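An overview of the molecular structure
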Amino acid sequence: MEGLSGSLIHWLKTFNIEGVNGPVESFFDGVVISKVLNNIDSEFFDEAWLSKIKTDAGTNWRLKVNFITY
């Protein structure tokens, strides 16, 4: 992994977040970065926001983006 995406993944791995050490494909659904955002600013990215993240969307892109409602 090179370039900006490699740098982003390297940065994400500096957080002690479940799933961050998985394969590159594990970042595609946005769950890991959502957990990192919650770790960085838990007042804005609170538990209510985090609960809207679909962790079981599989390959269904409609479910993955369904949480963006505001």
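A brief look at the structure comes next. Just so we're clear, the structure is a prediction, and the values are computed from it rather than from any experiment.

This part takes up the overall build of the protein chain. Looking only at helices and strands, the protein chain has four helices and zero strands in total. From first element to last, N terminus to C terminus, the protein chain shows the α and β order α-α-α-α. Taken across its 70 residues, the protein chain has 26% of its residues classed as buried. Counting only contacts in the protein chain whose residues sit at least 6 apart along the sequence, the fraction spanning at least 24 positions is 14%.

If you look at the biggest cluster of nonpolar residues, it comprises eight residues: I9, L12, F15, I17, V20, F27, V32 and V36. Of all the secondary structure elements, the ones that give two or more residues to this core are α1 (3-12) and α2 (31-40).

On to a nonpolar patch on the surface, then. Taken together, the side chains of L8, W11, I33 and I40 present a nonpolar region at the surface, about 350 Å² in accessible area. Take W11: its relative accessible area is 38%, and that puts it in the partly exposed class.

Moving on to the layout of surface pockets. Each pocket or cavity is described by its volume, and for the largest pocket that value is around 160 Å³. Lining the largest pocket are 11 residues, with L8, I9, L12, F27 and F28 sitting closest to its centre. Broken down by secondary-structure element, the contributors of at least two residues to the lining of the largest pocket are α1 and α2. Considering every element that reaches the lining of the largest pocket, the biggest residue donor is α1, with four residues. By residue class, the composition of the lining of the largest pocket is nine nonpolar, two polar and no charged.

Procedures and definitions
Residues numbered from 1 in each chain as written. Predicted model: local features only at pLDDT ≥ 70, side-chain atom pairs only at ≥ 80, totals over all residues. Heavy atoms only, no water. Helix = DSSP H or I, 4+ residues; strand = E, 2+ residues; numbered from the N terminus. Buried < 20%, exposed > 50% of the residue type's maximum accessible area, 1.4 Å probe, protein only. Contact = heavy atoms within 4.5 Å. Core = buried A, V, L, I, M, F, W, Y, C linked by side-chain atoms within 4.5 Å. Patch = residues over 30% accessible without salt bridge, like charges linked within 9 Å, V, L, I, M, F, W, Y side chains within 5 Å. Areas by Shrake-Rupley, 256 points an atom, 1.4 Å probe, with all protein chains shown as cover. Salt bridge = Lys/Arg side-chain N within 4 Å of Asp/Glu carboxyl O. 1 Å grid on protein atoms, 1.4 Å probe; cavity = no way out; pocket = protein on both sides within 12 Å on 5 of 7 lines; lining within 4 Å. Points joined across faces, edges and corners; volume = space filled by probe spheres on them. Nonpolar A, V, L, I, M, F, W, Y, C, P; charged D, E, K, R; others polar.

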